[in-house]
Amino acid sequence: MNNAVAGFSKLTKEEKINWIANEYFSNPIEAIATIKQYWNNDAQLQQLHDEFIENTITNFYLPMGIAPNFLINDRYYSVPMVIEESSVVAAAAKSAKFWSTRGGFKATVLNTEKIGQVHFLFKGDSAKLESFFNTVKSSLIDSTESITKNMQKRGGGILGLELRDKTSALENYFQLHATFETKDSMGANFINSCLEQLAKTLKEEAQNYTDFNETEKNITVVMSILSNYVPNCIVRAEVSCRVEELAEKKIENPQEFAEKFVQAVSIAEIEPFRAVTHNKGIMNGVDAVVLATGNDFRAVEAGVHAYASRNGHYSSLSHAKIENGIFTFWMEIPLALGTVGGLTSLHPLVKMALEILGKPSAKELMQVVAVTGLAQNFAALRSLTTTGIQEGHMKMHLNNILNQFEANPEERKAILKHFEKNTVTHAAVVALIENLRK
Ligand code: MEV
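Residues numbered from 1 in each chain as written. Predicted model: local features only at pLDDT ≥ 70, side-chain atom pairs only at ≥ 80, totals over all residues. Heavy atoms only, no water.

- Per an unreviewed UniProt entry, the protein goes by the name 3-hydroxy-3-methylglutaryl coenzyme A reductase and belongs to Flavobacterium buctense.
- As stated in UniProt under Pathway (unreviewed entry), the record for the protein gives "Metabolic intermediate metabolism; (R)-mevalonate degradation; (S)-3-hydroxy-3-methylglutaryl-CoA from (R)-mevalonate: step 1/1."
- Among the UniProt annotations of the protein, the heading Sequence similarities (unreviewed entry) holds the following wording: "Belongs to the HMG-CoA reductase family." (UniProt positions renumbered as here; feature names shortened; annotations may be inferred.)

Topic: the nonpolar core
And step 1. Membership of the largest hydrophobic core comes to 63 residues, with the highest contact counts inside it found for F70, F327, F329 and L335.
And step 2. Look past the residues within four positions of F70 in its chain and what remains in contact with it is R75, Y76, Y77, V79, A92, A96, F105, V371, T372 and A375.
And step 3. In this structure, F132, V136, I158 and L163 belong to the second largest nonpolar core, which totals 28 residues. (Core = buried A, V, L, I, M, F, W, Y, C linked by side-chain atoms within 4.5 Å. Buried < 20%, exposed > 50% of the residue type's maximum accessible area, 1.4 Å probe, protein only. Contact = heavy atoms within 4.5 Å.)

Comments concerning the domain arrangement of the protein
And step 1. Structurally, the protein comprises domain 1 (8–50), domain 2 (64–104 + 236–332 + 347–387), domain 3 (114–227) and domain 4 (392–436).
And step 2. The C-alpha centroid of domain 2 is placed 39 Å from the C-alpha centroid of domain 1. (Domains from an automatic or database assignment.)

Points about unusual backbone geometry
Among all residues save glycine, negative phi is the norm, and among peptide bonds the norm is trans.
And step 1. Unlike most non-glycine residues, K183 shows phi in positive territory, near 50°.
And step 2. Inspection of the secondary structure assignment puts K183 in the loop between β6 (173–181) and α7 (188–208).
And step 3. Its relative accessible area of 38% is what places K183 among the partly exposed residues.
And step 4. Despite not being glycine, E406 has its phi angle at roughly 45°, a positive value.
And step 5. By secondary structure assignment, the location of E406 is in the loop between α14 (390–404) and α15 (409–421). (Helix = DSSP H or I, 4+ residues; strand = E, 2+ residues; numbered from the N terminus.)

Overview of the packing of aromatic side chains
And step 1. Under the criterion given, the structure shown has 21 aromatic pairs.
And step 2. Centroid distance Y209 to F212: 4.8 Å. Interplanar angle 70°. Geometry classified as edge-to-face.
And step 3. Pairing F261 with F327 gives two aromatic rings, centres 5.3 Å apart and planes at 85°, and the pair type is edge-to-face. Of this pair, F261 sits in helix α9 (residues 254–270) while F327 sits in strand β10 (residues 326–334), placing them 66 residues apart in sequence. The residues F261 and F327 share a single accessibility class, namely buried.
And step 4. It is R298 that lies over the ring of F297; its NZ or CZ is 4.6 Å from the centre.
And step 5. In this structure, K321 is placed above the aromatic ring of W330, and the distance from its NZ or CZ to the ring centre is 5.5 Å. (Phe/Tyr/Trp six-rings, centres within 6.5 Å; stacked < 30°, edge-to-face > 60°. Lys NZ or Arg CZ within 6 Å of the ring centre and 35° of its normal.)

Structural data, given as structure tokens:
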């Protein structure tokens, strides 16, 4: 039974580590050594990382890889990806190369509107609230001026402000529904600061509104927060070519391949159990670039999956068709991303990732991220509808198994040679290691 701890955050980093090591490990010295093994030798760099969050004890590494040869809107990109799952980067790279000789990817940002809401309770006459809102709307917006000034200079700011009556769903519940343009920043801090100011002004103005009775004057603000659901911040990614151009080593019959591929997408469109896995494959690509560029992958995940359910049932994000001999595969997804602010200028590897991408605008990054998701989806569906996913996946995973068993160089050589011709399964690898070690 472990103990609770009081004032953990007040302990020094050393004290925190000692407490964790003594509390949870039978060999605290070894635990401390492992924790410190992942510290950076450069004290300043380590401090930078320590200060990203609270109670930092060490760094948690994830590999950063590159998927080259992404031809997007006639320009080549090398895409940095941060992900722990083997075969994702290889799949992206393969897909990128495949489409680079078939016209490349086309990507378009359809819109870039972000959303935030002040959720409040109003007990009284909703028609009076409506007139009140119309009277004070411009003062509400004006009150955010000091926050929006700089954003306005960059061409952004508050786009719209609406009063929404939600009382048919929840008693006394109304919203200020605000829309924003945040240019190259993801805009979370900007939006939340605006909303908190709007909420404050809303309460003050209500107190002074002479048409309200005492109850009506007392608006209760429940919370003010951006929405991670951004159905009007959409990017479209697409590939297309003549069906016969799909031919390659593993696609001997392109017509058959294209039809099966479209069928696989149709299944994901109507079957939620498949759609979730299908979309997970898309997010393998999306998240890896979102992470590499220091963006908020939880926000992206939440928003994308909500979008996948927008028609009342969870469905595929991507679509495919064959029309007049042309195979087209595309998707539209919501992405709220930033290339300034947040971690973008703080984390040295995020800075590098953005440099590798040619210091993109937020719109350009939306395109790269969506394309990587589509490429990943193409690679997964190509494997699934032809050889099956395990062939490639287990080949990549073989290394992980060898590491797990701490295989020495000779064992590695023998095992890799054996599996050039045999199917990789976990059991087969283990059996071979055991056999070699007899
Ligand atoms: C594995 O990470 C992702 C896939 O399952 C996606 C899919 O099934 O489409 C291969």
